[in-house]
Amino acid sequence: MEEPQRRVRAAHSESTITVYQAYTPDIGLPAVRDGRFPAAWKRDRMTWIKPSFLWMMYRCGWGTKVGQETVLAVDITRDGFEWALRHACLSSYVHGVHPDRATWQRQLKRTPTRVQWDPERDLRLSPLPYRSLQLGLSGEAPRRYADEWTVAIRDVTPLAHEIHALVSKGDLDSAARLLPEERPYPAGDELLAHLRG
């Protein structure tokens, strides 16, 4: 079956969804140890969360980029994630989705979350012909994310390195078996119907 152009694909349970971020060890390691983001994590700054493991690997270079050495899997409540989707605006103007650029700019200023559709990645981190969600949290959303929605934080840096080593050796089958199982997110299509730009 052909993948739709835009879809939320994620590891999820009945009550949580997993998103990924990468940080320096001084943020990432205390977050894993305490199961919550430390005080040094800026709750008044925009932060981007990614349900796609491979898109995160593309962004952080398998946990090798400076400032992104600690890759976190953050389990958040589905209620929180869906609040973010309901309160979102596209991160850029799209003709046909927005009546005009000024309307989009007003909406962007009012909404606490941003949706960006980025090309999904394969194991070699090459772009695929369909897109995955990246969600930007601003305003009240980062505080809600860190202090209300977060259920658990895991360090998946060793997993990133293990998969990368297998890919580097050309053992894509073994690498694929280690990937988190990402499935279409229930209600994602309905919640994002207004954000298909």
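What this report covers is the structure whose coordinates are included nearby. (Residues numbered from 1 in each chain as written. Predicted model: local features only at pLDDT ≥ 70, side-chain atom pairs only at ≥ 80, totals over all residues. Heavy atoms only, no water.)

### Here we look at helix α2 (residues 53-60)
Here is step 1 of the chain: For α2, the tally of buried residues reaches six of eight residues, placing the bulk of the element in the interior.
Here is step 2 of the chain: Those residues of α2 not exposed but buried are F53, L54, W55, M56, M57 and C60.
Here is step 3 of the chain: Packing partners of the buried residues in α2 comprise β2 (16-23), β4 (70-77), β6 (113-121), β7 (127-137) and α6 (157-168).
Here is step 4 of the chain: Downstream of α2 by a residue or two, G61 has a phi angle that is positive, lying close to 60°. (Buried < 20%, exposed > 50% of the residue type's maximum accessible area, 1.4 Å probe, protein only. Helix = DSSP H or I, 4+ residues; strand = E, 2+ residues; numbered from the N terminus. Contact = heavy atoms within 4.5 Å.)

### So, the sheet that holds β7
Here is step 1 of the chain: Pairing is mixed across the open sheet formed by four strands, whose spatial order is β3-β7-β6-β5. Of all the strands in the sheet, just β3 (47-49) and β5 (88-90) have a single pairing partner and so form its edges. Averaged over all pairs of adjacent strands, the angle between their axes in this sheet comes to 40°, without regard to strand direction.
Here is step 2 of the chain: Against the sheet, α2 makes contact with β6 and β7, and its axis sits at roughly 90° relative to β6, the strand it touches most. (Pairing = 2+ DSSP bridges. Axes fitted to C-alpha atoms, helices over the stretch in contact; angles between N-to-C directions.)

### Here's the deal with the sheet that holds strand β8 (residues 150-155)
Pairing between the strands of a sheet comes from backbone hydrogen bonds, and it takes one of two forms, parallel or antiparallel.
Here is step 1 of the chain: The antiparallel open sheet is built from three strands, whose spatial order is β2-β4-β8. With partners counted over all chains shown, the strands left at the sheet margins are β2 and β8, one partner each. Adjacent strand axes in the sheet meet at a mean angle of 25° when their direction is disregarded.
Here is step 2 of the chain: Of the strand pairs in this sheet, β2 and β4 are connected by eight bridges, and their pairing is antiparallel. By the bridge assignment, I17 is partnered in β4 with I76.
Here is step 3 of the chain: The sheet strands contacting helix α3 (residues 78-86) are β2 and β4, and the helix crosses β4 at an angle near 90°.

### Some words on the packing of α3 against helix α5 (residues 141-149)
Here is step 1 of the chain: Taken N-terminus to C-terminus, the directions of α3 and α5 make an angle of 170°; their axes are 10 Å apart at the nearest point. The angle between α3 and α5 falls in the class roughly antiparallel. In contact with G80, W83 and A84 of α3, α5 contributes A141, R144 and W149.
Here is step 2 of the chain: Residue composition of the contact of α3 with α5, grouped by class: four nonpolar, one polar and one charged. (Parallel < 35°, antiparallel > 145°, perpendicular 65-115°, else oblique. Nonpolar A, V, L, I, M, F, W, Y, C, P; charged D, E, K, R; others polar.)

### Side note on the pairing of β4
Here is step 1 of the chain: Here β4 lies mainly inside the structure; seven of its eight residues are buried.
Here is step 2 of the chain: Bridge analysis of β4 against β8 gives five bridges, and the strand direction is antiparallel. Paired with V74 across the strands is I153, a residue of β8.

Interpretation note: all reported values are geometric properties and have no functional meaning in isolation.
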